[in-house]
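Commentary on secondary and tertiary structure
Here is how the chains run, residue by residue.
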Amino acid sequence: MSIGTWVLSCFGVCCGLTSAHQMANDGLLNWLPPVARLFKALPVKIIQIIGSFFGLLLASYTGVLLAATAVPLWARARWASH
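Residues numbered from 1 in each chain as written. Predicted model: local features only at pLDDT ≥ 70, side-chain atom pairs only at ≥ 80, totals over all residues. Heavy atoms only, no water.

**A look at the environment of Leu57**
- With respect to the element layout, Leu57 can be found in helix H3 (residues 44-69).
- Residue Leu57 is classed as partly exposed on the basis of its relative accessible area, which comes to 31%.
- Along the primary structure Leu57 and Val7 are separated by 50 residues, whereas in three dimensions their C-alpha atoms are 6.9 Å apart. (Helix = DSSP H or I, 4+ residues; strand = E, 2+ residues; numbered from the N terminus. Buried < 20%, exposed > 50% of the residue type's maximum accessible area, 1.4 Å probe, protein only.)

Right, here's the structure in full:
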């Protein structure tokens, strides 16, 4: 579970930075020019590549976690097996 937390956190940061960059480009952060300049200067392609890596990890880790912990109801029910 700790790995999933780290992967989700890193993926969320990459998504947030990419969203902030897009908001700055769309002019939604013009009310605070230093912040808009900061987010416009982000290396967004590198952030997207890193984010896509963590997105793949997140998708695969979630699938493995669900496959390992999902037990059907009838597998544990003694009354259903007789």
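Once the structure has been displayed, the description carries forward.
**Some remarks on the nonpolar core**
- Membership of the largest hydrophobic core is limited to five residues, which are Ala20, Ala24, Leu29, Ala36 and Phe39.
- Taken together, the elements giving at least two residues each to this core come down to helix H1 (2-26) and helix H2 (33-40). (Core = buried A, V, L, I, M, F, W, Y, C linked by side-chain atoms within 4.5 Å.)

**What to know about the packing of H1 against H3**
- Across the interface, H1 lies against H3 with an axial gap of 8 Å and an inter-helix angle of 145°. Crossing angle aside, the handedness with which H1 passes H3 is left-handed. The segment H1 lies against H3, with Ile3, Gly4, Val7, Leu8, Cys10, Phe11, Cys14, Leu17, Thr18 and His21 engaging Val44, Ile47, Gln48, Ile50, Gly51, Phe54, Gly55, Leu57, Leu58 and Tyr61.
- For the contact of H1 with H3, the per-class residue count stands at 14 nonpolar, six polar and no charged. (Axes fitted to C-alpha atoms, helices over the stretch in contact; angles between N-to-C directions. Left-handed = near helix turned anticlockwise from the far one by under 90°. Contact = heavy atoms within 4.5 Å. Nonpolar A, V, L, I, M, F, W, Y, C, P; charged D, E, K, R; others polar.)

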